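Each chain, written out:
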Amino acid sequence: MKKLPWYHEGLAFRCTQCGDCCTGEPGYVWVNQEEIDAMAKELGMKPEQFEHEYVEREGRRRTLRERENGDCVILDEKTRKCRAYQSRPRQCRTWPFWQSNLRSPADWERTCQECPGAGTGDLVPLEKIQEQMKQIRV
Ligand code: SF4
């Protein structure tokens, strides 16, 4: 019989919209062409223009640029909200249910320290967590 993951009873999460996951330590927000096209459309830009202004290459992959203060380049500096929220990439949609955050209870505890929404709110069931984890490997 397959062993259930340690979080099989679900994990609590409710986003407080604080914007903390869109800033901070340097990191990567991986994007593919479909995501670039969708974000460009939401911002009323051509995909080429969006890519030129907001995307950089990291090896064979592409990632959203960051400002010097650590903000994601798509984050509105005044409102602290994502300017392309409806079309935000998979990596943003699936936070905090990333493999790297769920390897162990200690990893989840670390995530809860970083994200005020993690560990609070209603339980997200195992099936939903696994469905999110499958979307992108982070
Ligand atoms: S850090 Fe957590 S609570 Fe804050 S916006 Fe990101 S997901 Fe929501």
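As the structure is a computational prediction, the values presented were derived from the model and not from experiment. (Residues numbered from 1 in each chain as written. Predicted model: local features only at pLDDT ≥ 70, side-chain atom pairs only at ≥ 80, totals over all residues. Heavy atoms only, no water.)

Here we take up the side chain of Q132. Tracing the backbone shows Q132 in helix α6 (residues 126-135). Setting aside its immediate chain neighbours within four residues, Q132 contacts R93, T94 and F97. (Helix = DSSP H or I, 4+ residues; strand = E, 2+ residues; numbered from the N terminus. Contact = heavy atoms within 4.5 Å.)

Bringing α6 into the picture now. Every buried residue belonging to α6 is among L126, I129, Q132 and M133, and all of these are buried. Down the axis of α6, the buried side of the element spans an arc of 130°, and every buried residue falls inside it. In α6, the exposed positions that point more than 90 degrees away from the buried face belong to E127 and K134. (Buried < 20%, exposed > 50% of the residue type's maximum accessible area, 1.4 Å probe, protein only. Arc of directions from axis to C-beta.)

This next bit is on the packing of helix α1 (residues 33-42) against helix α2 (residues 47-54). A packed helix pair is summarised by two numbers, namely the angle formed by the two axes and the spacing between the axes. For the pair α1 and α2, interaxial distance at closest approach is 9 Å and the crossing angle is 100°. As summarised for this structure, α1 and α2 are arranged roughly perpendicular, according to the angle between their axes. Where α1 abuts α2, its residues Q33, I36, D37, M39 and A40 lie against P47, F50 and E51. When the residues that make up the contact of α1 with α2 are grouped by side-chain class, the tally is five nonpolar, one polar and two charged. (Axes fitted to C-alpha atoms, helices over the stretch in contact; angles between N-to-C directions. Parallel < 35°, antiparallel > 145°, perpendicular 65-115°, else oblique. Nonpolar A, V, L, I, M, F, W, Y, C, P; charged D, E, K, R; others polar.)

Right, let's get into the pattern of salt bridges. It is possible for side chains of opposite charge to pair when their charged atoms get near one another. Here the structure, examined in full by the defined rule, presents ten salt bridges. Note that D107 and R103 form a salt bridge whose closest N and O atoms lie 3.9 Å from each other. The network of salt bridges with common partners includes R67, D71, E77 and R80. (Salt bridge = Lys/Arg side-chain N within 4 Å of Asp/Glu carboxyl O.)

A few words on the domain arrangement of the protein. By domain assignment, the protein separates into domain 1 (21-88) and domain 2 (95-138). For domain 1 versus domain 2, the distance between C-alpha centres works out to 22 Å. (Domains from an automatic or database assignment.)

Right, let's talk about the pairing of strand β4 (residues 61-64) for a bit. As defined by bridge partners, strand β2 (residues 30-31) adjoins β4 across two bridges and the pair is classed as antiparallel. Note that in β4 the partner of V31 across the bridge is R62. As judged from the four bridges shared by strand β3 (residues 55-58) and β4, these two strands associate in the antiparallel manner. Counterpart to V55 in the pairing with β4 is L64. Where β3 hands over to β4, the hairpin turn is made up of two residues, of which G59 adopts a positive phi near 65°. (Pairing = 2+ DSSP bridges.)

Residues in contact with the ligand, as listed here, are F13, C15, T16, Q17, C18, G19, D20, C21, W95, C115, P116 and G117. One can see that the ligand is located within the largest pocket. The residue inventory of the shell around the ligand, partitioned by class, reads seven nonpolar, four polar and one charged. (Near = heavy atom within 4 Å. 1 Å grid on protein atoms, 1.4 Å probe; cavity = no way out; pocket = protein on both sides within 12 Å on 5 of 7 lines; lining within 4 Å. Sits in = over half its atoms within 2 Å of the grid points.)

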